[in-house]
Amino acid sequence: MRPPADAIGTLSLIVGAIAAAIFIGVEGALVFAIWRYRASRHTAGEPATFERNRRLEIAWTAAPALILAAIFALALGTMAEINGAGVAPAMRIAATGHQWWWEFSYDGVKTANELHIPVDTPIDLELTSADVIHSFWVPELGPKMDMLPGVTNHLRLFARRVGSYDGQCAEFCGIEHAWMRIRVVAQTRTDFDQWLRGQVPPAPTQDGNGERVFLSNICVNCHTVRGTSAAGTAGPDLTHVGARATIGAGVLPNDVARMRAWLADPQRYKPGALMPSVPLSAADLDALAAYLVSLR
Ligand code: CUA
């Protein structure tokens with residue numbers, strides 16, 4: 001199959017070409033009539049009129065109906081294609097919208113905000129929401145699809161080129177709707193398998209102070225780090241948070257300095273986000289930031 005966005009692009013070109021041809025034909029006829037039948041000094045009085053030309057009436061009713069029927073048929077074909085008609089998905093990934101981040105679940109592995117997929121592989125993305133209506137949209141790959149609480153929608157994903165594709169929540173879902181970015185990382189099958197294998201093991205136990213700070217504060221109420229006692233599910237799974245490119249679904253690049261700034265005051269970078277500021281000493285903040293970024 002080809003990326004659904006390609007099928008949408010082809011249909012847009014065809015419909016655009018039909019619309020352009022009609023525009024040029026109609027405007028051309030209008031300009032010609034204005035020029036050819038303009039009033040001159042040699043004519044006077046009302047121009048000639050006619051009515052009840054049945055053949056003309058049938059023609060100008062039938063022509064648009066036929067054009068619309070053709071576009072309708074093309075649109076139905078495109079919809080079937082982008083839904084993956086006749087092509088079985090080779091992989092399923094569950095995607096859940098949250099205020100305001102994305103959860104992606106592979107077998108036994110949960111990540112956030114960064115969706116890794118292998119190229120040349122038809123993927124069935126199972127979309128749902130944990131709270132309000134969100135909409136998954138990565139324009140370079142395919143159409144928008146709503147994420148509804150209590151409902152599972154299916155979106156066919158297919159990428160041909162290796163690379164990173166940016167997306168965005170496309171349904172207003174609250175104050176931080178604009179900071180609900182998606183990053184799709186399309187990889188070769190080998191690279192993808194290696195990435196997925198890297199996500200499976202739990203976080204290694206750490207001697208540093210960071211893990212202790214993490215486990216002894218309210219972080220654990222919302223976040224999971226597999227391999228520790230932290231098993232909260234309200235916020236993103238942080239087992240391998242250090243390997244992600246951004247913090248807060250796109251608000252900050254992911255490094256120790258930014259992680260520390262984020263932990264010190266999430267509301268400064270993402271006002272309204274459900275993550276509270278946790279009062280911590282400077283030393284504890286340093287240790288916590290270093291710990292989280294080390295979870296790769
Ligand atoms: Cu989620 Cu807008």
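Everything that follows concerns the structure shown earlier in this document.
Structure report, in brief. (Residues numbered from 1 in each chain as written. Predicted model: local features only at pLDDT ≥ 70, side-chain atom pairs only at ≥ 80, totals over all residues. Heavy atoms only, no water.)

This brings us to the packing of helix H6 (residues 256-264) against helix H8 (residues 282-294). Two elements in contact, H6 and H8, have axes whose closest approach is 8 Å; the angle formed by their N-to-C orientations is 125 degrees. In terms of axis orientation, H6 runs oblique to H8. Viewed along their axes, H6 and H8 form a crossing whose handedness is right-handed. In this structure, H6 contributes Val 256, Met 259, Arg 260, Leu 263 and Ala 264 to the contact, and H8 contributes Ala 282, Leu 285, Asp 286, Leu 288, Ala 289, Ala 290, Leu 292 and Val 293. A per-class count over the contact of H6 with H8 returns 11 nonpolar, no polar and 2 charged. (Axes fitted to C-alpha atoms, helices over the stretch in contact; angles between N-to-C directions. Helix = DSSP H or I, 4+ residues; strand = E, 2+ residues; numbered from the N terminus. Parallel < 35°, antiparallel > 145°, perpendicular 65-115°, else oblique. Left-handed = near helix turned anticlockwise from the far one by under 90°. Contact = heavy atoms within 4.5 Å. Nonpolar A, V, L, I, M, F, W, Y, C, P; charged D, E, K, R; others polar.)

Our next topic: H6. Of the residues making up H6, those classed as buried are Met 259, Trp 262 and Leu 263. Down the axis of H6, the sector holding all buried residues measures 95 degrees, keeping them to one side. Residues of H6 that are buried in the fold lie against strand E11 (246-247), strand E12 (252-253), helix H7 (266-269) and H8. The residue sitting at the N-terminus of H6 and contributing the capping side-chain oxygen is Asp 255; that oxygen lies 3.3 Å from the backbone nitrogen of Ala 257. (Buried < 20%, exposed > 50% of the residue type's maximum accessible area, 1.4 Å probe, protein only. Arc of directions from axis to C-beta. Polar contact = N/O pair within 3.5 Å; in protein donor to acceptor, adjacent residues only side chain to side chain.)

Mapping Glu 176 onto the fold places it in the loop between strand E9 (163-168) and strand E10 (181-187). There is no salt bridge for the buried Glu 176, and the closest opposite charge comes from Lys 270, which lies 5.7 Å off by N-O distance. Apart from the residues within four sequence positions on either side, Glu 176 is in contact with Trp 100, Lys 270, Pro 271 and Ala 273. (Lys, Arg positive; Asp, Glu negative; His and termini not counted. Salt bridge = Lys/Arg side-chain N within 4 Å of Asp/Glu carboxyl O.)

With that settled, consider the pairing of strand E2 (residues 101-106). In the case of a regular strand, side chains alternate between the two sheet surfaces. Where burial is concerned, most of E2 is hidden: 6 out of the 6 residues are buried. Of the two faces of E2, the one lined by Trp 101, Glu 103 and Ser 105 and the one lined by Trp 102, Phe 104 and Tyr 106 are each fully buried. Strand direction decides the pairing type here: strand E1 (residues 91-98) and E2, joined by 5 bridges, are antiparallel. By the bridge assignment, Gly 97 is partnered in E2 with Trp 102. Counting the residues that bridge the hairpin from E1 to E2 gives 2 residues. (Pairing = 2+ DSSP bridges.)

A few words now on the sheet that holds strand E8 (residues 153-157). Strand order in the open sheet formed by 5 strands is E3-E2-E1-E5-E8, and the pairing between neighbours is mixed. Either end of the sheet is taken by a strand with one partner, and the two such strands are strand E3 (109-112) and E8. Averaged over all pairs of adjacent strands, the angle between their axes in this sheet comes to 25 degrees, without regard to strand direction.

Let us look at the packing of helix H1 (residues 4-36) against helix H2 (residues 54-82). Packing of H1 against H2 leaves a shortest axis separation of 9 Å and a crossing angle of 170 degrees. Viewed along their axes, H1 and H2 adopt a mutual orientation that is roughly antiparallel. Taking contact as the criterion, the partners of Pro 4, Ala 7, Ile 8, Leu 11, Ile 14, Val 15, Ile 18 and Ile 22 in H1 are, on H2, Ile 67, Ile 71, Leu 74, Ala 75, Thr 78, Glu 81 and Ile 82. Its residues placed into classes, the contact of H1 with H2 shows 13 nonpolar, 1 polar and 1 charged.

We now examine the nonpolar core. One finds Ile 93, Phe 104, Leu 115, Ile 117, Leu 125 and Phe 136 to be the most contacted residues of the largest nonpolar core, which totals 30 residues. Elements with a contribution of two residues or more to this core: E1, E2, strand E4 (114-118), strand E5 (123-129), E8, E10 and helix H3 (189-199). Leu 115 has contacts with Ile 93, Phe 104, Tyr 106, Leu 125, Phe 136, Leu 157, Arg 183, Val 184 and Val 185, leaving out every residue within four places of it along the chain. Membership of the second largest hydrophobic core comes to 21 residues, among which are Cys 219, Ala 230, Val 251 and Leu 288. (Core = buried A, V, L, I, M, F, W, Y, C linked by side-chain atoms within 4.5 Å.)

Treat this as a map of the structure, not an account of what it does.
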